[in-house]
Every structure is written in C-alpha cells, then in structure tokens.
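Below, each chain spelled out in residue letters.
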Amino acid sequence: MLTINPFVIKRKVIILQKGFPSVAALAKKIGHSRPGVGKVINGKFKSVAQSTAMLDAIVNELKVEKETFWPEFYGTRETGDSENIQHNVPQCF
C-alpha cells in the first residue's frame, strides 16, 4: 500500500538514513514486534502512554528527538503546542 502521509514518509526516510533497511530490522534491534513497530511508525497507536516504551526505544536507537520523529504528536504548532497535547489532565504519580 502506498503511504501518502508526509510524516510517515519522513519517519521511513529517517529509518533508512540511520542504517536500517526496513521496519522489521529496527523492530528486531529494539526487541519489539514488527507489526507493533509498523503501527507506531504509521502513527496508528491508540495511546502514547501505552506505547511509551516502544516510542522511547525507537527514538533512542535512531538517536532522534520525539519532536522530530513524531511532529504531529510531540512537535509544536503555531500556538506552541502539539495538537494532541491535553491541558489540565490530572497527573498520576
């Protein structure tokens, strides 16, 4: 299937530039499943909180910032916040 989302294309280019020939190779290196990593790369995760370990493993292995790799979730907009940042959410400690 052809990917037309520019964010997904940019993520796949970064993966290639960092020396991984495929998402499967990255998944194997970080110890997660290929389908799981593929969904995260495509931005199809249900909860950032549930996917935190995988997100952290990906950016740590690729040595990139979350804001660079997932700008639609962690980056800034004209208002200074990502469109997905929730304000006044209770924090659990």
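Residues numbered from 1 in each chain as written. Predicted model: local features only at pLDDT ≥ 70, side-chain atom pairs only at ≥ 80, totals over all residues. Heavy atoms only, no water.

Trainee: Got a minute to help me understand the overall build of the protein chain in this structure?
Mentor: When its secondary structure is counted, the protein chain shows six helices and zero strands. The buried share of the protein chain, taken over its 93 residues, is 31%. Carbon and sulfur atoms make up 55% of the accessible area of the protein chain, which totals about 6,600 Å². (Helix = DSSP H or I, 4+ residues; strand = E, 2+ residues; numbered from the N terminus. Buried < 20%, exposed > 50% of the residue type's maximum accessible area, 1.4 Å probe, protein only. Areas by Shrake-Rupley, 256 points an atom, 1.4 Å probe, with all protein chains shown as cover.)

Trainee: How should I be thinking about the nonpolar core in this particular structure?
Mentor: Side chains of nonpolar character tend, in soluble globular proteins, to be buried together. Formed by 20 residues in total, the largest nonpolar core has its most connected members in Leu26, Val37, Ile58, Leu62, Phe69 and Trp70. Looking at this core, the elements that each hand over two or more residues are α1 (6-17), α2 (23-30), α3 (34-41) and α4 (52-62). With residues near it in sequence (within four places) discarded, Trp70 still touches Arg11, Val40, Phe45, Leu55, Ile58, Val59 and Gly75. (Core = buried A, V, L, I, M, F, W, Y, C linked by side-chain atoms within 4.5 Å. Contact = heavy atoms within 4.5 Å.)

Trainee: I keep staring at the packing of aromatic side chains and nothing clicks. Help me out?
Mentor: The geometry of an aromatic ring pair comes down to the distance between the two centres and the angle between the two planes. Going through the model one piece at a time under the given rule, you end up with one aromatic pair. For the ring pair Phe69 and Trp70, a centre distance of 4.7 Å and an interplane angle of 85° mean the geometry is edge-to-face. Each member of the pair, Phe69 as well as Trp70, is classed as buried. (Phe/Tyr/Trp six-rings, centres within 6.5 Å; stacked < 30°, edge-to-face > 60°.)

Trainee: Explanation requested: α3 in the structure shown.
Mentor: When we look at burial in α3, the residues that qualify are Gly36, Val37, Gly38, Val40 and Ile41. Residues of α3 that are buried sit in contact with α1, α2, α4 and α5 (66-69). Two or three places before Gly36, at the start of α3, stands the capping residue Ser33, its side-chain oxygen 3.1 Å from that residue's backbone nitrogen. (Polar contact = N/O pair within 3.5 Å; in protein donor to acceptor, adjacent residues only side chain to side chain.)

Trainee: Would you take a moment to explain the side chain of Glu72 for this structure?
Mentor: Looking at the element boundaries, Glu72 is found in helix α6 (residues 71-74). Reaching out from Glu72, the side chain makes a polar contact with the side chain of Arg11 at a distance of 2.9 Å.

Trainee: Is there a simple way to explain the pattern of salt bridges in this structure?
Mentor: Here the idea is simple: oppositely charged side chains can pair when their charged atoms come close. Scanning the model with the defined rule gives two salt bridges in all. For the salt bridge of Arg11 with Glu72, the shortest nitrogen-to-oxygen distance reads 2.9 Å. Linking Arg11 in helix α1 with Glu72 in helix α6, this pair joins segments that are 61 residues apart in sequence. Note on Glu72: relative accessible area 14%, which makes it buried. Across the salt bridge formed by Lys66 and Asp56, the nearest N and O atoms sit 2.6 Å from each other. Here Lys66, found in helix α5, pairs with Asp56, found in helix α4; they are 10 residues apart in sequence, far enough to count as distant. (Salt bridge = Lys/Arg side-chain N within 4 Å of Asp/Glu carboxyl O.)

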